[in-house]
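Breakdown of the fold
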Amino acid sequence: GQVMLVMPETEELPARAVVATPVGEATVIQKPWWSFGAGLYLETGDARYTVEPEPFYPGPATPGKIRRARAAVREFEAALEAAKGAR
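Residues numbered from 1 in each chain as written. Predicted model: local features only at pLDDT ≥ 70, side-chain atom pairs only at ≥ 80, totals over all residues. Heavy atoms only, no water.

1. Describing the overall build of the chain
When helices and strands are tallied, the chain shows one helix and five strands. Reading the helices (α) and strands (β) of the chain from amino to carboxyl end gives β-β-β-β-β-α. In terms of overall dimensions, the chain has C-alpha extents of about 40 × 30 × 20 Å along its principal axes. In the chain, which comprises 87 residues, the share counted as buried stands at 25%. (Helix = DSSP H or I, 4+ residues; strand = E, 2+ residues; numbered from the N terminus. Buried < 20%, exposed > 50% of the residue type's maximum accessible area, 1.4 Å probe, protein only.)

2. What about the pairing of strand 5 (residues 47–51)?
One ladder, built from five bridges, connects strand 4 (residues 40–44) with strand 5; its direction is antiparallel. Following the sheet pairing, Y41 is matched in strand 5 by T50. The turn linking strand 4 back onto strand 5 is made up of two residues, and G45 within it adopts a positive phi angle of 65°. (Pairing = 2+ DSSP bridges.)

3. What about the sheet that holds strand 4?
Here we have three strands laid out as an open sheet, ordered 3-4-5, and antiparallel in their pairing. Here the strands that pair on one side only, and so sit at the sheet edges, are strand 3 (26–30) and strand 5. In this sheet, adjacent strand axes meet at a mean angle of 35° when their direction is disregarded. Sheet topology note: the strand 3/strand 4 ladder contains four bridges and is antiparallel. Across the sheet, residue A26 finds its bridge partner in strand 4, namely T44. (Axes fitted to C-alpha atoms, helices over the stretch in contact; angles between N-to-C directions.)

4. Quick notes on the environment of M7
Within the fold, M7 resides in strand 1 (residues 2–7). For the pair M7 and G45, spaced 38 residues apart in sequence, the C-alpha to C-alpha distance is 20 Å. Contact partners of M7, with chain neighbours within four places excluded, come to A15, R16 and V18. (Contact = heavy atoms within 4.5 Å.)

5. Digging into the pattern of salt bridges
Enumeration according to the criterion identifies three salt bridges in this entry. Its salt-bridge partner being R48, residue E43 comes within 3.7 Å of it at the nearest N-O pair. A relative accessible area of 28% places E43 in the partly exposed class. Here R48 falls in the exposed class, since its relative accessible area comes to 52%. (Salt bridge = Lys/Arg side-chain N within 4 Å of Asp/Glu carboxyl O.)

Below is the structure:
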């Protein structure tokens, strides 16, 4: 399988692929302290990406948004590990 990171569409730019890599080459190396558990660093080969599966901005960081963002990180990590186990 493949992991593909896609930047979402904005008012200025269409959605765009950032990287695609085999599942076995993608590793979560840590969660940045500044993300409050809502982001992670993904390493692919010699590159490192900051990933926020469900950012809690724009607007205020409400408790509900933060819970959803943290849950999205856990789901992303679980899906990546499951995909690695299915190989």
